[in-house]
Amino acid sequence: MAQDLVLKQRCELLRDLCASGSSETLEKVADVLLARGELSWEDYTNVKVQGRSLYTNARYLLDLVYSKGETACQVFVEGLRQIQTPEEPGPVTGKLLAQRPGLVAELQSCLDGALEALLESGCFSQEDCRDVRFHLNTPSQQARRLLDLVSSKGDSAANVVLGYIEQRQESGGNLTTETTKPEELLKYQKKLRSSISAQSSFMSTYGGTGHMSLDDIYTDGQLELAHDCKDHGDLDLEDIAGAAGTVNEDSDTVLVSGDAGSGKSTLLQRLHLLWARGAALRQFVLLFPFSCRKLNSELDQLSVQELLFGHCCWPDCERDEIFRFILDHPNLVAITFDGLDELKQSFSDERRLCSPTQPAPVHILLFNLLQGSLLKGVLKVVTSRPEAVGPMLRKHLRKELFLKGFSPEGIDRFINKQHRDSSVASKVLASIQANTALLGLCHSPVLCWIVSQCHKELLGCGDGTPQTITDVYLMILQHFLQHQSPPECPRRPSWLRDHLPGILHLGRLAFQGVESSCYIFASTDLETCCVTDQDIWAGFLTQTKDISSHRGLRYEFLHVTMQCFFAAIYVVLSDNAKRSTVAELFELKYADFSNTCFGLCLSADQQRDMTEAPHLQITATFVSGLLSQRHRHLWLHCTPTPLVERKAQQVVRCLHKGMQKHFKSIPKPLEGEKSSMHAMPGFVWLVKCIYEMRESEIAEEALSKLEVDHLKLTYCNIGPVECTALAFVLQHLRRPAGIQLDNNCMGDVGVEQLLPCLHICKSLYLRNNNITDEGIRKLIAKGIQCDNFQKIALFNNKLTDACTQYVCQLLKTKQNFLSLRLGNNYITSEGAIQLAKGLECNHSLKHLGLWGNKIGDSGAEAIAGALEGSKTLVWLSLVGNGVGSKGARALSKTLKTCPSLEQLWLTENCITKDGVESLVQALQHNKCVKSVWLKNNDLSPEEIEEMTQKESRLLF
């Protein structure tokens, strides 16, 4: 019996399934079992779980087949034998094999016609056709499956396919049998474009009294590949669907991440509008946009078809045929999901769903779409705050892009678009640029919009322009409320008290929403919180753009950060808020490991807590700012002073407690090593909260127990706003430390914001931060004045020869400077010659790194000449600089006369044997040099062998 055979010969069968080392045999057997109905769709996918070892999948298949009984075991054994001993292909079948690549490409556009021809000839059954059309396969996979089945059936089936394709080519490709009538599809596309265009053309303004044309105000943000090299630079909207940055070609999901207010929703809105006009993403016939905050309110179980059509645009007719088109042509369809961080449920791939017709909760459909179990081949674009995306989802990403908000030029363009009166725009820009803290805030599009709206208040500030995010939101709160007041009413100091009931109503609504991850509110929600029509008219709430009008009017705050701001006001002012509310806002929310390897060790409940944390963190940040000493006068007539003071003390205690938990996690250094702390993103959030309070005593006390030599803040999404906060807090370090800020998004404005703490920096690492020559000019002007500042690393930025004149001045002035690393920038021989002028005058430098530039021979000669006789230089790297033998000969003189030099890196240049021989001769005069690296230069294997025998310190 076959079942006994599967049991008794389990080891042999397991070996046969895994013999090739690939999953091909296993998958072919699973295909046979699926086609014969012995495996369900769910069984089929569970046999081929990605990330699980081949042997584990094979054992699972054997267990599954055995449990299904004798018939399943018999089909399994017969299928395995057929695969192991395939029949010799006939002459026509052999032709099919030889022409396979071209046939796969041809069949993708005429699959239905080929299947119909095979059915009519009797070579295929309906079961075979279902096997080919298996809905999880892409068109190319379906074409390959058809060819596999045709090959197994012999020459007669092969003749049918080849004959059909030949006839189709002779008739100009008109023999395809489309599942969906072209005219019906085009009608639906037209309706879908019209609906999306209507939703995307305008952006609501406050009060619902006007709309801004997206064309008039849209300004590109800085869109970059997440943590990628400098060569790609800024991307445009089309690059979202492009190949640049792809890390997993088998995945369909593209993540656009960015901080709250960075413009993610507006970017998608612009993308939708351009698609609707046929001006972008032309390769996609259909596009379906979704808002995750709106999906939160969907309580019914839906199928994929009901989700697409019910939430986007319902076809007037031929619904099933249009959905069949989506399944058959997934490469022509795109879906976008805005605001994954606003979804109530955190991502999970525990429940797999394979059938697009099977109803399920909306979040289950969403998760299966993103990880590819549903609508494989359809492009899915999702936006989210980066800390809300854990490792479980990241493994399913095709690529990740990071939206960094406005560049300095983008701020200029946006302000000019907001104000048609050029004189007003000029005054607003001048006011922003006069205050670097405000300029840093305006890199966030939502804050830039607020500042633009409140330009009269901004220009009329008698006590200085806003410094913190809380300052900006208080400014717009006053602006909106005074916008409500009659023109004849003077602006009274009691503006907040006059509107207190409405503020508390909105605050209660906002707070309850943040607590429950609710961002869309029905009329009943507003009634529960006593929100009146007058409160709505204030302009903080706006009606949602929703085609599904049968749900009644629904409202949302202008931006999620606005909701967090009102929630914070409620926490500060309400007597009804629990005494523990403040502590709960800050408790453990700083422990965000979702972007790190530690996230893999967390339970699902812990990861869910972190997914919810971002908006609670924003709320807590606002609470810190609202309870600061400089804003307490606002609450004098709104709530008892002792209550405000008690809550402020609570915030300070929470901040200190959070900081101490970070400091306790610092491992003790080994003997002879320096003490260092690798800060998690939550540390930056705590620093921002302290800055919002803007009280030096709090910052000083918070850092009183931090004693480290090195503070690492890499990959923490630190931009200009965070730099302002870091500088405010870190200037209170008890002793100088090295600060590592690699792989963030500081830019020149961030560098300028960091300057107040430069005096406490022994070393500063700024790799991959979009810094230009202007940022370096300001940094060095300050650094020259700081005695502790001795090391800087600036690789992977946007530095040119222009920066070298400032570096030259640094080298001439600071005779205690130890390390300069400028690798992978845009420095040429001219810049190297300028640097050499500074090197000639410097008598302290130990490490000089210029790898990945373009200094060539003349630059190498200048550097070498400047370093002759140096008694301090230990390490020099000119890797990948186009240095040839001429430059090598110049460097050989440095080798002779530089007694301190230990390592010289000349890898990936174009040095020939002649140049290497000069280095060999120089090394005979200097026994202190430990190694000269010469890998990937212009030497033959024989020459490398010869040079290695002459000098063992040459490393190839």
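Above this text is the structure in question.
Below is a summary of the structure that appears in this document. (Residues numbered from 1 in each chain as written. Predicted model: local features only at pLDDT ≥ 70, side-chain atom pairs only at ≥ 80, totals over all residues. Heavy atoms only, no water.)

## A closer look at the overall build of the protein chain
- Check the secondary structure of the protein chain and you find 45 helices and 22 strands.
- Summarising the internal contacts of the protein chain: among those between residues at least 6 apart in sequence, 78% fall at separations of at least 24. (Helix = DSSP H or I, 4+ residues; strand = E, 2+ residues; numbered from the N terminus. Contact = heavy atoms within 4.5 Å.)

## A look at the sheet that holds strand E11 (residues 554-557)
- Taking strand neighbours across the sheet as the criterion, the three strands line up as E9-E11-E10 in an open arrangement whose pairing is antiparallel. This sheet does not close on itself; its edge strands, each paired only once, are strand E9 (521-522) and strand E10 (541-543).
- Lying over the sheet, helix H28 (residues 500-515) contacts E9, E10 and E11, oriented at roughly 90° with respect to E11. (Pairing = 2+ DSSP bridges. Axes fitted to C-alpha atoms, helices over the stretch in contact; angles between N-to-C directions.)

## Points about the sheet that holds strand E22 (residues 954-955)
- Taken in spatial order, the eleven strands make up an open sheet running E12-E13-E14-E15-E16-E17-E18-E19-E20-E21-E22, and their pairing is parallel. Edge strands, defined here as strands with exactly one partner in the open sheet, are strand E12 (676-678) and E22.
- Of the strand pairs in this sheet, strand E21 (residues 931-933) and E22 are connected by two bridges, and their pairing is parallel. Considered in E22, the bridge of Trp933 is made with Leu955.

## Regarding the side chain of Ser407
- Structurally, the position occupied by Ser407 is in the loop between strand E8 (397-403) and helix H21 (408-418).
- Look at Ser407 and you get buried, because its relative accessible area is 12%.
- Beyond its immediate sequence surroundings of up to four residues, Ser407 is in contact with Gln222, Arg413 and His443. (Buried < 20%, exposed > 50% of the residue type's maximum accessible area, 1.4 Å probe, protein only.)

## Quick notes on the packing of helix H37 (residues 720-730) against helix H38 (residues 747-754)
- Two elements in contact, H37 and H38, have axes whose closest approach is 8 Å; the angle formed by their N-to-C orientations is 10°. By the angle between their axes, H37 is roughly parallel relative to H38. Along the contact surface, H37 presents Pro720, Cys723, Thr724, Leu726 and Ala727, while H38 presents Val749, Gly750, Gln753 and Leu754.
- Tallied by class, residues from the contact of H37 with H38 come to six nonpolar, three polar and no charged. (Parallel < 35°, antiparallel > 145°, perpendicular 65-115°, else oblique. Nonpolar A, V, L, I, M, F, W, Y, C, P; charged D, E, K, R; others polar.)

## As for the pattern of salt bridges
- Per the stated rule, a full pass over the model turns up 27 salt bridges.
- Among the charged side chains, a network of salt bridges with common partners joins Glu752, Glu774, Arg777 and Lys778. (Salt bridge = Lys/Arg side-chain N within 4 Å of Asp/Glu carboxyl O.)

## Let's talk about the pairing of strand E15 (residues 761-765)
- In this sheet, E15 lies alongside strand E14 (residues 737-740) in parallel orientation, the contact comprising four bridges. The residue bridging Ile739 from the neighbouring strand is Leu764, located in E15.
- Note that the unit made of E14, H38 and E15 has a crossover that is right-handed.
- Here three bridges tie E15 to strand E16 (residues 791-793), and the two strands are oriented parallel to one another. The residue bridging Leu764 from the neighbouring strand is Ile792, located in E16.
- Remark: the E15/helix H39 (residues 773-783)/E16 crossover connection has right-handed handedness. (Right-handed = clockwise from strand over helix to strand, strands pointing away.)

## A word on the packing of helix H17 (residues 304-311) against helix H18 (residues 319-328)
- In the contact formed by H17 and H18, the axes pass within 11 Å of each other and the chain directions differ by 110°. In this view, H17 runs roughly perpendicular relative to H18, as classed from their interaxial angle. Where H17 abuts H18, its residues Val304, Gln305, Leu308 and Phe309 lie against Arg319, Asp320, Ile322, Phe323 and Ile326.
- Taken together, the residues that form the contact of H17 with H18 break down as six nonpolar, one polar and two charged.

## Quick look at the environment of Thr639
- Following the sequence through the fold, Thr639 ends up in the loop between helix H33 (604-626) and helix H34 (641-664).
- Among all residues touching Thr639, those that are not within four sequence positions of it are Leu573, Asp575 and Val644.

## Focus on H38
- Of all eight residues making up H38, seven are buried, and the element is well covered by its neighbours.
- Of the positions making up H38, those classed as buried are Gly747, Asp748, Val749, Gly750, Val751, Gln753 and Leu754.
- Packing partners of the buried residues in H38 comprise H21, helix H23 (436-441), H37, E15 and H39.

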